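# Architecture at a glance
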Protein chains: 2
Amino acid sequence: MFKKAAIVGIGLIGGSLALEIKKKKLAKTVVGVSRRKQNISYALKHGVIDSGSCGLSILKNSDLVVIATPVSVISGISAEIAKIIDPSECIVTDVGSTKSRIVEKLSRIFPRFVGSHPLAGSEQRGVINAKADLFANSLCILTPQINTEKEALRKITALWKKVGAKVTITSAKKHDNILAYVSHLPHVIAYSLISSMPDEFLAFGAGGLKDTTRIAASESGLWADIFEENKTNILQAIAAYSLQLRKLQQFIKNGDKRLITNFLSKAKNKRDKLE
Amino acid sequence: MFKKAAIVGIGLIGGSLALEIKKKKLAKTVVGVSRRKQNISYALKHGVIDSGSCGLSILKNSDLVVIATPVSVISGISAEIAKIIDPSECIVTDVGSTKSRIVEKLSRIFPRFVGSHPLAGSEQRGVINAKADLFANSLCILTPQINTEKEALRKITALWKKVGAKVTITSAKKHDNILAYVSHLPHVIAYSLISSMPDEFLAFGAGGLKDTTRIAASESGLWADIFEENKTNILQAIAAYSLQLRKLQQFIKNGDKRLITNFLSKAKNKRDKLE
């Protein structure tokens, strides 16, 4: 499928994708770039990549580059990558959790760019958590623009399908609106919930508290970036959520059992659709 | 340990406790009571209990009664139970998620009463989900009063330890304050979060949304009862949480990356203590 696939950012997502590309033989060679030398050593030792480097010159002659760095780094590193690859040949994608700004910038830098967002992360991170089947049965959202090259879109679609993901296509704007609700809002809530917990009560936390706050163990810098990038949509989602919270709070305050039960039972029906 | 242990309410908690009492031979015989005949049939067929009935007369001559019904039923059924057992002989406990009102009432009805709350539930319910090791490594909170009989407290403590729980003791009032934060508040939030989700976005929900809303699949009637019983503490916990949420919301609105990162990183540190 590709001659030389390059993954920039060998973390949970980048490392897992590299593993699966090698396992499924989707490229003749897979190279990796990381800021940290120890990530490269680990990735080489565990067969995640065929060769690796802390510098970008290793990307030369790649026909696929996947940018899997934190969101805040994508734009800056792309300008550097464009100097090394042949932009008229190489297909480029990213795996960022926000898309509008990234897609706008990167499609100006790379003529063969398609934005991707595999919904397969977790509160874990780093190449040590990478696994080949991370994308199995996950959803990957692609966000092409009107002028996105059809061949690039076709190949990036095929790539994600081959590694096990279901592919769906939306605009970058729609993606950011959806993700604000289904991912960024839950993170805002999980971080706020654990923050409100008195320290001396933590020892009493059981399954309910653990589940609802699990994603608050996610890396803070990474999420501060996302909250900044997708600010408007996230503030809108927080407002919609606060409305529901205040409604339930009022029902509890009034002790109106019928309205409470009705609220909870509608919520349960919706949750039951999730899996 | 006991001659005849009786479980009133053969659901997830009651059924699991019955299974474990039988497995560990903590009573010569284990009887069960359920409103639903099919629960009794299931429990008998799967060896959860030795004998069962929809009526309370089967409780006669029990030396242990565990009331494992929904919170709203506990008080009413206790008056009925007191007419059948010998209250001067039989040790009684409940497994309700709220304690202040229940302990006050039941300790007046039963001289040998100790309030229990095993923190081992989940969004699942019913005897079909019961399993012997449900309490392994879980926490069980006992809420004795000043006049609680020492021998009853000793035996109920031993019972929970034998089925694998770690036992901790607090006042009923303190219990309800703690649980409002570590369990009832996460439920309020999970129900509100899923309620704020646009239906057409549900298909994009991945691990983060599933984890944070899992407990919103809990039975609504049961939780409406708890929200009513522990109203004051829950409203206080919602207020403390809303303060944190509004703080983070304001940081995002102001685009203050330093304050956002600081908030998230403190939250992550707290979450990392949870397991």
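Above this text is the structure in question.
What comes next concerns the included structure. Computed from a predicted structure; not experimentally measured. (Residues numbered from 1 in each chain as written. Chains lettered and ligands numbered in written order. Predicted model: local features only at pLDDT ≥ 70, side-chain atom pairs only at ≥ 80, totals over all residues. Heavy atoms only, no water.)

## What to know about the relation of the copies chain A and chain B
Which entries qualify depends on this criterion: Least squares is the method for superposing the copies, and the C-alpha atoms it fits come from residues with pLDDT of at least 70 in both. Here, two residues are considered to be in contact whenever any of their heavy atoms come within 4.5 Å of each other.
Once turned by 180° and shifted 0.0 Å along the axis, chain A lies on chain B with an RMSD of 0.0 Å. Given the turn and translation reported, the copies of this chain are related as if by a two-fold rotation axis. Residue A:Thr212 of chain A places its C-alpha closer to the rotation axis than any other residue of that unit, at 1.9 Å. Looking at the interface residues of chain A, 100% of them are also at the interface in chain B, so both copies use one shared face.

## Focus: the pattern of salt bridges
Put simply, the test is: Each salt bridge in this description consists of a side-chain nitrogen of Lys or Arg and a carboxyl oxygen of Asp or Glu lying within 4 Å of one another. Counting from the N terminus, the helices are the DSSP runs of H or I reaching at least four residues and the strands are the DSSP runs of E reaching at least two. Burial status follows relative accessibility: with a 1.4 Å probe on protein chains alone, a residue under 20% of its type maximum counts as buried, one over 50% as exposed, and anything between as partly exposed.
Across all of its chains, the model carries 30 salt bridges over all chains by this definition. Where A:Lys257 meets B:Glu228, a salt bridge forms, and the shortest distance between an N and an O atom there is 3.3 Å. Pair noted here: A:Lys257 is in helix H10 (residues 257–272) and B:Glu228 is in helix H8 (residues 220–229), and the two residues belong to different chains. With a relative accessible area of 29%, A:Lys257 lands in the partly exposed category. By relative accessible area, which is 32% here, B:Glu228 ends up partly exposed. Across the pair A:Lys273 and B:Asp199 runs a salt bridge whose closest N-O atoms are separated by 3.9 Å. With A:Lys273 in the segment after H10 and B:Asp199 in the loop between helix H6 (172–195) and helix H7 (207–213), this residue pair bridges two chains.

## Considering the packing of aromatic side chains
Put simply, the rule reads: Side-chain rings of Phe, Tyr and Trp, where Trp is taken by its six-membered ring, are said to pair if the distance between their centres is within 6.5 Å; with planes under 30 degrees apart they count as stacked, over 60 as edge-to-face, and otherwise as tilted. Ring-over charges, as used throughout, are those where CZ of Arg or NZ of Lys falls within 6 Å of the ring centre and within 35 degrees of the ring normal.
By the definition in use, this model includes ten aromatic pairs over all chains. Ring centres of A:Phe251 and A:Phe263 lie 6.3 Å apart, and the angle between their planes is 80°; this geometry places the pair in the edge-to-face category. A residue pair is termed long-range when its members are at least 10 positions apart, and A:Phe251 in helix H9 (residues 231–254) and A:Phe263 in helix H10 qualify at twelve residues. Per residue, the accessibility class of A:Phe251 equals that of A:Phe263, and both read buried. With centroids separated by 5.4 Å and ring planes inclined at 70°, the aromatic side chains of B:Phe135 and B:Trp160 adopt a geometry described as edge-to-face. Of this pair, B:Phe135 sits in the loop between strand S6 (113–118) and strand S7 (139–142) while B:Trp160 sits in helix H5 (residues 150–162), and the two are 25 residues apart along the sequence. For B:Trp160, a relative accessible area of 0% translates into the label buried. The positively charged end of A:Lys155 is found above the aromatic ring belonging to A:Phe2, 4.7 Å away from the centroid.

## A short note on the interface of chain A and chain B
Put simply, the rule reads: Once two parts are joined, some of their accessible surface, as seen by a 1.4 Å probe, is lost; buried area is that loss totalled over both. A 3.5 Å cut-off defines polar contacts: any pair of N or O atoms within that distance qualifies, except that in protein one atom must be a possible hydrogen donor and the other a possible acceptor, and neighbouring residues in sequence count only when both atoms are side-chain atoms.
Facing 78 residues of chain A, the contacting portion of chain B comprises 78 residues. Summed over both sides, the interface of chain A with chain B buries roughly 7300 Å², with 71% coming from carbon and sulfur. Scanning the region where chain A abuts chain B turns up eight salt bridges. In this structure, the connection of chain A to chain B is made through 18 residue pairs in polar contact (both at pLDDT 80 or more). Broken down by secondary-structure element, the contributors of at least two residues to the side of chain A that touches chain B are strand S7 (139–142), helix H6 (172–195), helix H7 (207–213), helix H8 (220–229), H9 and H10 of chain A.

## Considering the nonpolar core
Which entries qualify depends on this criterion: Residues grouped as a nonpolar core are buried Ala, Val, Leu, Ile, Met, Phe, Trp, Tyr and Cys residues, joined through side-chain atoms within 4.5 Å.
Of all hydrophobic cores here, the largest spans 124 residues; its most connected members are A:Ile81 and B:Ile81. The contact partners of A:Ile81, leaving out residues within four places of it in the chain, are A:Val8, A:Leu56, A:Leu59, A:Val65, A:Ile67 and A:Phe110.

## Concerning the state of the cysteines
Applicable threshold: Throughout, disulfides are identified as pairs of cysteine sulfur atoms within 2.5 Å of each other.
Counted under the stated rule, the structure contains zero disulfides over all chains. Considering cysteine sulfurs only, A:Cys140 is the nearest to A:Cys90, which forms no disulfide, with 17 Å between them.

## Things to note about the sheet that holds strand S3 (residues 51–53) of chain A
Residues and elements named next belong to chain A. Just so we agree on the cut-off: The pairing criterion for strands is at least two bridges between them, as found by DSSP. Each axis is a line fitted through C-alpha atoms, taken for helices only over the stretch in contact, and angles between the N-to-C directions span 0 to 180 degrees.
Sheet architecture is open: eight strands sit in the order S3-S2-S1-S4-S5-S6-S7-S8, paired in mixed fashion. Each edge of the open sheet is held by one strand with a lone partner, namely S3 and strand S8 (166–169). Between one strand axis and the next, the sheet turns through 25° on average, direction left out of account. Here strand S4 (residues 64–67) runs beside strand S5 (residues 91–94); their pairing, made up of four bridges, is parallel.

## Focus on the side chain of A:Arg214
With respect to the secondary-structure elements, A:Arg214 resides in the loop between H7 and H8. Ignoring anything within four residues of it in the chain, the contact list for A:Arg214 reads A:Glu123, B:Asp211, B:Arg271 and B:Glu275.

## A few points about the environment of A:Arg112
Residues and elements named next belong to chain A. As for its position among the elements, Arg112 is in the loop between helix H4 (100–109) and strand S6 (113–118). Along the sequence, Arg112 and Tyr42 sit 70 residues apart, while their C-alpha atoms lie 31 Å from each other. Residues in contact with Arg112, not counting those within four places in the same chain, are Pro87, Ser88, Glu89, Cys90, Ile91, Val92, Glu149, Glu151 and Ala152. At 2.6 Å, the side chain of Arg112 and the backbone oxygen of Glu89 are in polar contact. At 2.7 Å, the side chain of Arg112 forms a polar contact with the side chain of Glu149.

## Some thoughts on unusual backbone geometry
Residues and elements named next belong to chain A. For Lys25, which is not a glycine, the phi torsion comes out positive at approximately 50°. Of the residues examined, Lys25 reaches a relative accessible area of 69% and is grouped as exposed. One non-glycine residue, Asn137, lies in positive phi territory at about 60°. On the secondary structure map, Asn137 appears in the loop between S6 and S7. Assessed through its relative accessible area of 67%, Asn137 is described here as exposed.

## Side note on the side chain of B:Thr148
Residues and elements named next belong to chain B. Locating Thr148 in the fold gives a position in the loop between S7 and H5. In terms of polar contacts, Thr148 uses its side chain to reach the backbone amide nitrogen of Gln145, at 2.8 Å. In this structure, Thr148 is in contact with Phe113, Val114 and Leu153, ignoring residues within four places of it in sequence.

## Here's the deal with the packing of H6(A) against H8(A)
Residues and elements named next belong to chain A. Heads up, the rule is: The scheme is simple: roughly parallel for angles under 35 degrees, roughly antiparallel for over 145, roughly perpendicular for 65 to 115, oblique for anything else. Here a crossing is taken to be left-handed if its near helix is turned anticlockwise relative to the far helix by less than a right angle, and right-handed if that turn runs clockwise. The residue classification treats Ala, Val, Leu, Ile, Met, Phe, Trp, Tyr, Cys and Pro as nonpolar and Asp, Glu, Lys and Arg as charged. All others, Gly included, are polar.
Packing of H6 against H8 leaves a shortest axis separation of 11 Å and a crossing angle of 125°. The angle between the axes of H6 and H8 places the two elements in the oblique class. The interaxial crossing formed by H6 with H8 has left-handed handedness. On H8, the residues touching Ser183, His184, His187, Val188 and Tyr191 of H6 are Ser220, Trp223, Ile226 and Phe227. Tallied by class, residues from the contact of H6 with H8 come to five nonpolar, four polar and no charged.

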